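# Residue-level structural notes
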Amino acid sequence: MEQYLSNTQTRTFDVVSENAYAKLMRNVYLWMTLALVVTGMAAYYVANSPQLLNIVFSNSLVFWGLIIAELGIVIYISSSIEKISFTRAALMFVLYSLINGVVLSSVFVIYTMESITSVFFITAGTFGAMALVGSFIKKDLSMLGRIFIMTLIGIIIATVVNMFVESSLLTLILNYLGVLVFVGLTAYDAQKIKMLLQQHGTEVNESTMKIALLGSLELYLDFINLFLYLLRIFGKDK
């Protein structure tokens, strides 16, 4: 009888853990999607307001202030996620997606709506496929993840250099390399989030929700950057 009760309790615990894990994984992609919606709406609204466009892009102090604010929010969330409340982290994520939308409003000014729409669906399909690969592949992607991160640092440095060199060939190479990097990082981050939630997501609480939120931020960044690099390759100027 004791053995039977023990087995029953174990199975019950496993079911509860699986349900908690499934809910947290759904939240990861739900929060990411909501952040993308906020970014898209903010970008479209600003792009259709000449006054706001003028404020953001005619004043370098405002523009770079928004860029610095974005970097500061990401660093703050990433470094303080264990110390701050889930509510504060979530609000900071929303604020980041809103500011990012303001900065990315230039996309609607530079490219045609048709090309933005088509590239968005290309990005969504590519992102979805790689997220599935990362979630189900058995091979550990940690080593590849580190390589992609180091490559990304190289891309950032090369992009800054190219601001002065203005080489169209280097720009093209960096765009294709950027797509490759964020395709790989999507799979890597999806696997990393899955492993973290499998280890810690035995129940839905403040701590595990913060893990899921941080994961959704990482995937959001992967999606946005993949979209931008693809847009630079396939987007059609107005």
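For the structure, check the block above.
Described below are features of the structure shown in this document. Predicted model only: the values in this text are computed from it and were never measured.

Below, the discussion takes up the overall build of the protein chain. What the protein chain contains, in helices and strands, is nine helices and zero strands. Projected onto the principal axes, the alpha-carbon positions of the protein chain cover approximately 75 × 35 × 30 Å. Here the protein chain, with 238 residues, has 40% of them falling under the buried criterion. For the protein chain, the accessible area works out to roughly 13,700 Å², and carbon and sulfur atoms hold 69% of it.

Enumeration according to the criterion identifies two salt bridges in this entry. Close ionic contact of Asp-189 with Lys-192 constitutes a salt bridge, the shortest N to O distance being 3.6 Å. Of this pair, Asp-189 and Lys-192 both sit in helix 8 (residues 168-200), three residues apart, which is roughly one turn of that helix. The class for Asp-189 is buried, based on a relative accessible area of 6%. Overall, the relative accessible area of 26% leaves Lys-192 in the partly exposed class. Across the pair Glu-218 and Lys-192 runs a salt bridge, and its minimum N-O distance is 3.2 Å. Taken together, the residues span a long stretch of sequence, with Glu-218 in helix 9 (residues 206-234) and Lys-192 in helix 8 at a distance of 26 residues. Salt bridges sharing partners connect three or more residues here, namely Asp-189, Lys-192 and Glu-218.

Cut-offs applied
Residues numbered from 1 in each chain as written. Predicted model: local features only at pLDDT ≥ 70, side-chain atom pairs only at ≥ 80, totals over all residues. Heavy atoms only, no water. Helix = DSSP H or I, 4+ residues; strand = E, 2+ residues; numbered from the N terminus. Buried < 20%, exposed > 50% of the residue type's maximum accessible area, 1.4 Å probe, protein only. Areas by Shrake-Rupley, 256 points an atom, 1.4 Å probe, with all protein chains shown as cover. Salt bridge = Lys/Arg side-chain N within 4 Å of Asp/Glu carboxyl O.

All quantities given are derived from atomic positions and should not be read as evidence of function.
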